[in-house]
Amino acid sequence: MYNEKQENYYQKMLANSISSRNPSNEAKQRAREKSPLYFEDLKRRLLADFEGKNLSDIENSEVVSTDLGETLKITNKEKINFKIEDNNFKDQINHNLKLLPKIGIKKEETLKNNGYSTIESLKTHNNYGDMASKFLDRIDEMAFCEIMDLLDRNKYSKKCRDNLLKCISLTDCENFKFMDIETKGLSNVPIILIGVAEIKGNKIISSQYFLRNYAEEDAILDAYLSHLDEDSIHVTFNGKSFDVPFIKNRCTYNRISANLDLPHLDLMYFAKNLWSDDLPNCKLQTIEKEFFGLERQDDVPGQYIPGYYDAYLSQNNIGPIVPIIEHNRQDIVSLAAFLEKMYRDVN
């Protein structure tokens, strides 16, 4: 039966929509903060607030030299409690018969019903014995990137996809490169900011390289590449589709030789796999708000960043780029929190 309590609930729900007849003040404020006029006003306020300030006034900034020139680096350190507990993943691999060629979900089920519960036990099987023996001899010698590639090719089910997160117990957390870029557009334009965060002991250190002018793009690319080695693992949010291909394209444009074909954990896909039923959407800032209680203020969405950067250049005023630098820093630091929570969830 429809009652007064339900009526009040629906009225409150409708009030939270800007399209309702009587939207609440909160709904009006949210709508205003998403409008182009709001971001034009914010840009004007930033220009006024930072008039006369220079890049050297940005906290923790310094000009650094690379093999390809100088660029501005912003470094921040903060404490982090990042723990990847041991999950005996090698033993879990032993129970995943689907890692052997020609064994899928149904074949694995049949084999397990017949008493072959591990790859080790398959060593006595007439058809799979040789493959099982060779696999077990090889697995202890495989590099982490090879294990990730093996697991990536065996995503038969949600449980198999979770193994890509579970396997990070096999590497050192200092190998994670939490990365995000800001650009002048969606393709064939310069990168204006590259951020990379790394875990060192109980701290997470973010290094951001800012394009002071268009002539410095090769320097910021070179500065970022200096953080990578053969053990590095990219950790991004939509970075497989956007950030890494974009960097590759700009390296080619600037004639920079770079190996960016590294193991890659794109957390956007894992977020959708793990949390889509628990969240209104799986956007980065929604995850921050719902799981970590973090709600950004005066954050500049990506579509406004090119215009803000143009204002910085044309007016020689750092105001418009200050929130962009903070936006990028928060993105890469949040990735570390996401990865740790995802690892806890799948284990």
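Look above for the structure.
Residues numbered from 1 in each chain as written. Predicted model: local features only at pLDDT ≥ 70, side-chain atom pairs only at ≥ 80, totals over all residues. Heavy atoms only, no water.

As for the overall build of the chain
Now for step 1: On a plain count of helices and strands, the chain comes out with 14 helices and seven strands.
Now for step 2: For the chain, the spread of C-alpha atoms along the three principal axes comes to 75 × 75 × 35 Å.
Now for step 3: Sorting the 347 residues of the chain into buried and exposed places 49% on the buried side.
Now for step 4: Nonlocal contacts in the chain, meaning residues at least 24 apart in sequence, comprise 67% of its contacts between residues at least 6 apart.
Now for step 5: Distance between charge centres in the chain, computed from 46 positive and 55 negative side chains, equals 5 Å. (Helix = DSSP H or I, 4+ residues; strand = E, 2+ residues; numbered from the N terminus. Buried < 20%, exposed > 50% of the residue type's maximum accessible area, 1.4 Å probe, protein only. Contact = heavy atoms within 4.5 Å. Lys, Arg positive; Asp, Glu negative; His and termini not counted. Charge placed at Lys NZ, Arg CZ, Asp CG, Glu CD.)

A look at the packing of helix α9 (residues 217–225) against helix α10 (residues 243–253)
Now for step 1: Their axes nearest at 10 Å, the elements α9 and α10 cross at an angle of 125°. Classified by the angle their axes make, α9 and α10 are oblique. Crossing angle aside, the handedness with which α9 passes α10 is left-handed. Here Glu217, Leu221, Tyr224 and Leu225 of α9 come into contact with α10, specifically with Ile247, Arg250, Cys251 and Tyr253.
Now for step 2: In the contact of α9 with α10, the residues fall into six nonpolar, no polar and two charged. (Axes fitted to C-alpha atoms, helices over the stretch in contact; angles between N-to-C directions. Parallel < 35°, antiparallel > 145°, perpendicular 65-115°, else oblique. Left-handed = near helix turned anticlockwise from the far one by under 90°. Nonpolar A, V, L, I, M, F, W, Y, C, P; charged D, E, K, R; others polar.)

Description of the sheet that holds strand β2 (residues 69–79)
Strands pair in a sheet through their backbones, by hydrogen bonds, and they do so in one of two ways: parallel or antiparallel.
Now for step 1: With mixed pairing, seven strands are arranged side by side in an open sheet as β1-β2-β5-β4-β3-β6-β7. Two strands bound the open sheet, and with one partner strand each, they are β1 (61–66) and β7 (264–266). Taking each pair of neighbouring strands and ignoring which way they run, the sheet shows an average axis angle of 30°.
Now for step 2: As paired strands, β1 and β2 are joined by six bridges and run antiparallel to one another. (Pairing = 2+ DSSP bridges.)

Digging into the pattern of salt bridges
Now for step 1: In total, this model carries 22 salt bridges according to the counting rule given.
Now for step 2: Among the salt bridges present, the one from Arg153 reaches Asp149, with a minimum N-O distance of 3.2 Å.
Now for step 3: A relative accessible area of 39% means that Asp149 is categorised as partly exposed.
Now for step 4: With its nearest N and O atoms 3.5 Å apart, the salt bridge here joins Lys341 to Asp345. Of the two residues, Lys341 and Asp345 both sit in helix α14 (residues 322–346), four residues apart, roughly one turn of that helix. (Salt bridge = Lys/Arg side-chain N within 4 Å of Asp/Glu carboxyl O.)

Overview of the nonpolar core
Now for step 1: In this structure, Phe135, Phe176, Phe178, Phe237, Leu265, Leu267 and Leu339 are the most contacted members of the largest nonpolar core, which totals 53 residues.
Now for step 2: Looking at this core element by element, the count peaks at eight residues for α14.
Now for step 3: When near neighbours in sequence (up to four residues on either side) are disregarded, Leu339 contacts Phe82, Leu165, Ile168, Phe176, Phe178, Val235, Leu265 and Leu267. (Core = buried A, V, L, I, M, F, W, Y, C linked by side-chain atoms within 4.5 Å.)

Focus on the environment of Val189
Now for step 1: Looking at the secondary structure, you find Val189 in the loop between β3 (176–183) and β4 (191–200).
Now for step 2: Aside from chain neighbours lying at most four places away, what touches Val189 is Lys184, Glu217, Phe246 and Arg250.

Regarding α10
Now for step 1: Within the sequence span of α10, burial applies to Asp243, Val244, Phe246, Ile247, Arg250 and Cys251. Viewed along the axis of α10, the buried residues span an arc of 160°, placing them on a single side of the element. Away from its buried face, by an angle of more than 90 degrees, α10 presents the exposed residues Thr252 and Tyr253.
Now for step 2: Where the residues of α10 are buried, they touch β3, β4, α9, β6 (233–236) and β7.
Now for step 3: Two residues or fewer past α10, Arg255 is found with a positive phi of approximately 60°. (Arc of directions from axis to C-beta.)

Concerning the pairing of β3
Now for step 1: In terms of burial, β3 is largely enclosed, as eight of its eight residues are buried.
Now for step 2: Residues Phe176, Phe178, Asp180 and Glu182 of β3 are buried on one face, and the alternating residues Lys177, Met179, Ile181 and Thr183, pointing to the opposite face, are buried as well.
Now for step 3: Looking at chain direction, β3 and β6 are connected through three bridges and run parallel. Bridging across to β6, Phe176 finds its partner in Ile233.
Now for step 4: The pairing of β3 with β4 spans six bridges and is antiparallel. Across the sheet, Asp180 pairs through a bridge with Gly195, a residue of β4.

Interpretation note: all reported values are geometric properties and have no functional meaning in isolation.
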